[in-house]
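# Per-entry structural report
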Amino acid sequence: MSTPTAQRERTAVVVGGGLAGITAALRLADAGVRTTLLEARPRLGGLAFSFKRGELTVDNGQHVYLRCCTAYRGLVERLGAGALVDLQPRLDVPVLSVAADGTRSLGRLRRADLPVPLHLAGSLATYRHLSPADRLRVVRGALALQKLDLADPALDGVSFGEWLRRHGQTPATVAAVWDLVGVATLNATADRTSLALAAMVFKTGLLSEPGAADIGAANVPLGEIHHDRALAELERAGVRVLLRSRAAELKAAEQNAVRLEGGELLTADTVVLAGAQDAAAALLPPGAIPGQHRLADLGTAPILNVHVVYDRPLIRRPFFAALGSPVQFVFDRTRHSGLAVPGAQYLALSQSAVEDEIDLPVAELRARYLPELERLLPAARGARVLDFFVTRERTATFDPAPGTAALRPGARTGAPGVLLAGSWTATGWPATMEGAVRSGHAAADAALAGHGRLPVDRGDGRWPR
Ligand SMILES: Cc1cc2nc3c(=O)[nH]c(=O)nc-3n(C[C@H](O)[C@H](O)[C@H](O)COP(=O)(O)OP(=O)(O)OC[C@H]3O[C@@H](n4cnc5c(N)ncnc54)[C@H](O)[C@@H]3O)c2cc1C
């Protein structure tokens, strides 16, 4: 005879060891649920991971977060990794452009310690990449954006680009401000982005609190936080972590059962599917969520990272953005990577929304990017390239196109005890670490609801305890 759930220890299986799955598993374990975390790959961290290349430890892609990413910051603290991330005291993005005659111009997107929206006014007023008239246009655009109601479903039917044009934005303002920020955060140009997602990003990041957009990043390889620290903390919390363990089938019944590729069957009251949308589509019982057959319509978008090790230092700042160049953002990775060649510098170019480049051969990317780096950085002209390689993430994010909101399900499904998590679910955020962690909290909150007075995620970044 089976024991009633209320009288025995509750159990959960979390499928997927990315940030969403790590969060959900920790929360469930914290609440006393006997939890198993399955990860198909040999490491945790999902899309935000590191690997070894000779002496270098390489991140698959440069990851940054903003001060307003409270849930991600809360997870980092929960993992005891607060000292392994840095956060700018004040937003400061150097933006470099080089004219055809070689004239270099460095603009700065910086914030002051003033209330919103004045915090950006001084920086915009002197922003070299825009004429005075265009600077005013940006201010008007920002004020119009601030008035948008993020709860209005109509926003998702419009492209950000179309809205920007309707609000007086020019190709110059789109390139120097809206796409400069938007492509990196949304992984699509304004014309291909839902106004709902763009408005969410700009309102939250630039127009909520003065410090919201201060930029942070790990000061160690991502794997030290998302794998090493996460594994240690999950095990400390009592989670059974099974790496190299792919869930092949979910049998939803009174007791849900997950069959591993190797044949093992794990039964659990709660199953959190925390893989990407294709993984969820493969495992969800038929009819578990409305519009399940449309999950594949939630497309994906690529991110490319171009890694170059030079024999000498070329940049002094931790990162800069380029304008009027195929180069988007350039990060100094020397310190994080363990590069041991004295005097050498390791730069990583983070290239978002690069559908037309993601499959180009390395030789072609080298021919495209090395001369461009020489044009942007005069010191590169005499420098020797010690290493050049690329990392390609073809399905880095979901495609943030208009119409996306309707395709993103919430955590709850119609199958009892089966929940969804992942940055692609309905968090309101674009595909980010923040969205992933929020989705993990949402799944845990839904799983734990009705099981007594357990702490829930308050959305303030403090780990529910
Ligand atoms: C190159 C790149 C740069 C990025 N830059 C940023 C950035 O700067 N800032 C930012 O906030 N975000 C960034 N992102 C996005 C961010 O990394 C993701 O949104 C986030 O990590 C997604 O986490 P997740 O847990 O939702 O999913 P994932 O990371 O996709 O994790 C899902 C996990 O589930 C596992 N899985 C799937 N199916 C199964 C199965 N059947 N059985 C077992 N395991 C399974 C997968 O192996 C994977 O590990 C970037 C992404 C990339 C790729």
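Conventions adopted
- Residues numbered from 1 in each chain as written.
- Predicted model: local features only at pLDDT ≥ 70, side-chain atom pairs only at ≥ 80, totals over all residues.
- Heavy atoms only, no water.
- Salt bridge = Lys/Arg side-chain N within 4 Å of Asp/Glu carboxyl O.
- Helix = DSSP H or I, 4+ residues; strand = E, 2+ residues; numbered from the N terminus.
- Buried < 20%, exposed > 50% of the residue type's maximum accessible area, 1.4 Å probe, protein only.
- Disulfide = S-S within 2.5 Å.
- Near = heavy atom within 4 Å.
- Polar contact = N/O pair within 3.5 Å; in protein donor to acceptor, adjacent residues only side chain to side chain.
- Areas by Shrake-Rupley, 256 points an atom, 1.4 Å probe, with all protein chains shown as cover.
- Nonpolar A, V, L, I, M, F, W, Y, C, P; charged D, E, K, R; others polar.
- Domains from an automatic or database assignment.
- Phe/Tyr/Trp six-rings, centres within 6.5 Å; stacked < 30°, edge-to-face > 60°.
- Pairing = 2+ DSSP bridges.
- Axes fitted to C-alpha atoms, helices over the stretch in contact; angles between N-to-C directions.
- Contact = heavy atoms within 4.5 Å.
- Right-handed = clockwise from strand over helix to strand, strands pointing away.
- Expected span 1.5 Å × (residues − 1).
- Buried area = accessible area lost by both parts, 1.4 Å probe.

## Here we look at the pattern of salt bridges
Pairing is possible between side chains that carry opposite charge, provided their charged atoms lie close to one another. This structure, assessed with the given rule, holds 27 salt bridges. Its salt-bridge partner being Arg78, residue Glu233 comes within 2.9 Å of it at the nearest N-O pair. With Glu233 in helix H8 (residues 222-236) and Arg78 in helix H2 (residues 70-78), the pair connects residues that are 155 residues apart, well separated along the chain. One salt bridge in this structure joins Asp113 and Arg90, with 3.1 Å as the shortest N-O distance. Of this pair, Asp113 sits in the loop between strand S8 (104-110) and helix H3 (118-125) while Arg90 sits in the loop between strand S6 (85-87) and strand S7 (92-98), and the two are 23 residues apart along the sequence. The exposure class of Asp113 is exposed, given its relative accessible area of 56%.

## A short note on the environment of Ala367
For Ala367, the position within the fold is in helix H11 (residues 362-376). For Ala367 and Ala212, which are 155 residues apart along the polypeptide, the C-alpha to C-alpha distance reads 38 Å.

## Digging into the state of the cysteines
Overall, the coordinates contain zero disulfides when judged by the stated rule. As a non-bridged cysteine, Cys68 has Cys69 as the owner of its nearest cysteine sulfur, 4.7 Å distant.

## Notes on the site of the ligand
The local shell around the ligand holds 32 residues, among which Glu39, Leu47, His63, Val64 and Ser423 are the closest. Residue Leu47 places a main-chain N or O atom 2.7 Å away from an oxygen atom belonging to the ligand. Here Ser423 contributes a backbone N or O atom positioned 2.8 Å from an oxygen atom of the ligand. Notes on the ligand: free accessible area 1,000 Å², of which the protein chains cover 92%. Looking at the shell around the ligand, the elements with two or more residues in it are helix H1 (19-30), helix H9 (277-283), strand S19 (385-398) and helix H12 (433-448). Tallied by class, residues from the shell around the ligand come to 16 nonpolar, twelve polar and four charged. Taken domain by domain, the makeup of the shell around the ligand includes at least three residues from each of domain 1 (5-48 + 221-298 + 403-448) and domain 3 (302-398).

## Here we look at the packing of aromatic side chains
The final tally for this structure, using the stated rule, is nine aromatic pairs. A centroid spacing of 5.5 Å and a plane angle of 35 degrees characterise the contact between Phe160 and Phe202, whose relative ring orientation is tilted. With Phe160 in helix H5 (residues 160-166) and Phe202 in helix H7 (residues 195-206), this residue pair connects regions lying 42 residues apart in the sequence. Residue classification places Phe160 among the buried positions, given a relative accessible area of 2%. When its relative accessible area of 1% is taken as the criterion, Phe202 is described as buried. Residues Phe329 and Phe331 carry aromatic rings whose centres are separated by 6.4 Å and whose planes lie at 25 degrees to one another, so their mutual orientation is stacked. An aromatic cluster is built from Phe160, Trp163, Trp178 and Phe202, whose rings are joined through pairwise contacts.

## So, the sheet that holds strand S14 (residues 270-273)
Taken in spatial order, the five strands line up as S10-S2-S1-S14-S20 in an open sheet, and their pairing is parallel. For this open sheet the edge positions go to strand S10 (240-242) and strand S20 (418-420), each flanked by a neighbour on one side alone. Pairs of neighbouring strands in the sheet enclose a mean axial angle of 15 degrees, with direction left out of account. Pairing geometry for S14 and S20, over three bridges, is parallel. Bridge pairing links Val271 to Val418 in S20. Relative to the sheet, H12 contacts S14 and S20, its axis offset from that of S20 by approximately 160 degrees.

## Section: the pairing of strand S1 (residues 11-15)
Within S1, five of the five residues are buried, which leaves the element mostly enclosed by the surrounding structure. What you see with S1 is no split at all: Thr11, Val13 and Val15 on one side and Ala12 and Val14 on the other are buried throughout. Here S1 runs beside strand S2 (residues 34-38); their pairing, made up of five bridges, is parallel. Bridged to Thr11 within S2 is Arg34. As for the winding sense of the linkage, the β-α-β connection from S1 through H1 to S2 is right-handed. Of the strand pairs in this sheet, S1 and S14 are connected by four bridges, and their pairing is parallel. In the strand pairing of S14, Ala12 is matched with Thr270.

## Quick word on H12
The terminal C-alpha atoms of H12, which comprises 16 residues, lie 23 Å apart, in line with the 22 Å expected from a rise of 1.5 Å per residue. Of all 16 residues making up H12, 14 are buried, and the element is well covered by its neighbours. Among the residues trailing H12, Gly450 stands out with phi positive, at a value near 80 degrees.

## Comments concerning the domain arrangement of the protein
Under the domain assignment, the protein is made up of domain 1 (5-48 + 221-298 + 403-448), domain 2 (109-213) and domain 3 (302-398). Once you take the C-alpha centre of each, domain 1 and domain 3 turn out to be 34 Å apart. Taken together, the contact pairs eleven residues of domain 1 with six residues of domain 3. Buried area between domain 1 and domain 3, both sides added, is near 580 Å², and the carbon and sulfur share of it is 72%. Among the residues domain 1 hides against domain 3, the three largest losses belong to Leu47, Pro221 and Ala431. Together they make up 69% of the total. Summed over the shared surface of domain 1 and domain 3, the result is zero salt bridges. Where domain 1 touches domain 3, the interface holds zero residue pairs in polar contact (both at pLDDT 80 or more).

## Observations concerning the pairing of strand S17 (residues 329-332)
With three bridges connecting them, strand S16 (residues 319-322) and S17 associate as antiparallel partners. For Ala321, the partnering residue across the bridge sits in S17 and is Phe329. Two successive antiparallel strands, S16 and S17, enclose a turn made up of six residues, where Gly324 displays a positive phi of approximately 70 degrees. Relative to strand S18 (residues 345-352), S17 runs antiparallel, the two being bridged by four bridges.

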